[in-house]
Amino acid sequence: MVDGHGPGHEHRHGRPPRGSLAVPAGAVNRRGRPERAAGRNAPLRIAELFARGAPVFSFEFFPPKSDEGYQALYEAIGELKRLGPGFVSVTCGAAGSTRKKTADLVVRIQNELGLTAMAHVVCTGTTREELVESLGWMRARGIENVLALRGDAPKDQPEWRPVAGGFSHADELVAFIRERFDFCIGGACYPEKHPEAASFEEDLRHLKRKVDAGAQFLVTQLFFDGADYWRFVERARAAGIGVPIVPGVMPVVSGANLRRMAALSPGSKIPAELQRELDEAGADDERALEAGVRFATRQCRELLERGAPGVHFYTLNRSPATRRVHEALFRR
Ligand SMILES: Cc1cc2nc3c(=O)[nH]c(=O)nc-3n(C[C@H](O)[C@H](O)[C@H](O)COP(=O)(O)OP(=O)(O)OC[C@H]3O[C@@H](n4cnc5c(N)ncnc54)[C@H](O)[C@@H]3O)c2cc1C
């Protein structure tokens with residue numbers, strides 16, 4: 001847990017100087033193998049990584065609930081670190097419920113494991129004072145990247161309401177962070193449209209506001225059909241959104257994964273072929289893993305071949321599926 005978050009508040013011009021490296025973390029070389037950059041000297045700003053043009057791989061984790069969960073997470077991160085990710089990210093529980101755990105984990109991953117780590121920051125359940133405290137605490141410990149999110153109501157609390165005087169939408173949070181801190185800020189986007197938006201046009205108008213407010217890159221909600229991603233990218237470009245749009249991919253390797261996916265991304269289309277293969281695999285975990293890895297590998301390959309700026313993997317705190325997809329992508 002994070003203890004003693006001070007009222008840290010940093011001005012945008014107070015950023016410490018960073019070292020630069022010939023090899024960007026997360027880049028792949030001509031033979032498709034990840035180039036490794038020494039952890040602490042790696043460029044830490046995610047927008048800078050994307051600006052270098054090579055595909056950037058990233059892994060998303062969530063703060064575990066138990067000591068065993070932390071143990072398993074550190075093992076998974078250790079395994080995935082070998083793949084040379086550009087960055088990893090740590091989610092924040094609904095309505096900011098894990099704010100301190102998230103902050104603590106990103107600081108530990110970055111400063112102890114030497115990986116560039118991004119904190120998900122959720123605004124609806126958090127006061128401005130709490131946000132300033134938490135952001136200042138992370139910034140003072142070298143965190144350079146945050147994903148600014150609105151968040152949703154906790155599922156089991158129908159009476160839940162956003163905090164009074166807080167923010168209603170992510171664009172307000174982006175502007176708030178940008179005004180007070182020197183973070184590289186990312187935002188979320190939805191190739192199949194955010195479920196609350198009345199239309200794609202409306203959703204894109206709001207997304208443009210988020211980018212204009214200071215979001216320097218976007219990470220998509222997970223999806224399965226590359227056509228949805230490319231249609232969305234095209235619409236976003238036509239709407240004047242120029243920042244990198246990173247596809248979010250979740251290798252689905254079990255029925256439990258599918259349920260988790262449905263919770264993370266309500267309304268997402270599940271491909272019949274994947275559903276059938278997982279059904280056929282039944283309790284045969286290895287067969288299900290192979291089916292999920294095969295599907296996700298094909299999806300990633302098609303995205304990268306058409307020029308996606310990288311892939312953000314939803315790992316569910318486990319390494320095998322993501323590792324196998326990554327290996328399959330670079331197998332010759
Ligand atoms: C990559 C990624 C990571 C995520 N990580 C987390 C996490 O760690 N924790 C968590 O709780 N949730 C997370 N989420 C889920 C996210 O919080 C929900 O999808 C939430 O419903 C929307 O968040 P947002 O930041 O996209 O919101 P917003 O950008 O605010 O958009 C939400 C809806 O409001 C509309 N809208 C946006 N701005 C305005 C405006 N100014 N006025 C009116 N309408 C507006 C949009 O069109 C959209 O329909 C993540 C989602 C993604 C894609």
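Enquirer: An account of the overall build of the protein chain is requested, with residue identities and associated values reported.
Expert: For the protein chain, the helix and strand inventory stands at 11 helices and 8 strands. Partitioning the contacts of the protein chain with sequence separation of at least 6, the portion at a separation of at least 24 is 80%.

Enquirer: Quick rundown of helix 3 (residues 99–113)? Include the residues and the values.
Expert: Between its first and last C-alpha atoms helix 3 spans 20 Å; for 15 residues at 1.5 Å apiece the expected length is 21 Å, and the two agree. Residues of helix 3 that are buried make contact with helix 2 (67–81), strand 2 (87–90), strand 3 (117–122) and helix 4 (128–140). Count one or two residues on from helix 3 and you reach Gly-114, which has phi positive near 75°.

Enquirer: Before we move on, could you go through the site of the ligand and cite the residues and values that matter?
Expert: The environment of the ligand is formed by 25 residues, the closest being Thr-91, His-120, Arg-150, Ala-188 and His-206. Secondary-structure elements contributing two or more residues to the shell around the ligand are strand 3, strand 4 (145–149), helix 5 (170–180), helix 6 (200–213) and strand 6 (217–222). Tallying contributions element by element places helix 6 first for the shell around the ligand, with 5 residues. In terms of residue class, the shell around the ligand is made up of 9 nonpolar, 8 polar and 8 charged.

Enquirer: Report on the sheet that holds strand 4, specifying residues and quantitative values.
Expert: If you walk around this closed barrel you meet the 8 strands as 1-2-3-4-5-6-7-8, and the pairing is parallel. Going across the sheet, the axis of each strand differs from the next one's by a mean of 30°, ignoring polarity.

Enquirer: Give me unusual backbone geometry: which residues, what numbers.
Expert: Despite not being glycine, Ala-95 has its phi angle at roughly 60°, a positive value. Within the fold, Ala-95 resides in the loop between strand 2 and helix 3. Judged by C-beta crowding, with 21 C-beta atoms within 10 Å, Ala-95 ranks as buried. One non-glycine residue with positive phi stands out, namely Asn-317, at about 65°. Structurally, Asn-317 is set in the loop between strand 8 (310–314) and helix 11 (320–330).

Conventions adopted
- Residues numbered from 1 in each chain as written.
- Predicted model: local features only at pLDDT ≥ 70, side-chain atom pairs only at ≥ 80, totals over all residues.
- Helix = DSSP H or I, 4+ residues; strand = E, 2+ residues; numbered from the N terminus.
- Contact = placed C-beta atoms within 7 Å.
- Expected span 1.5 Å × (residues − 1).
- Near = placed C-beta within 6 Å.
- Nonpolar A, V, L, I, M, F, W, Y, C, P; charged D, E, K, R; others polar.
- Pairing = 2+ DSSP bridges.
- Axes fitted to C-alpha atoms, helices over the stretch in contact; angles between N-to-C directions.
- Buried ≥ 20, exposed ≤ 12 C-beta atoms within 10 Å, placed from the backbone.

Structural measurements only, silent on function.
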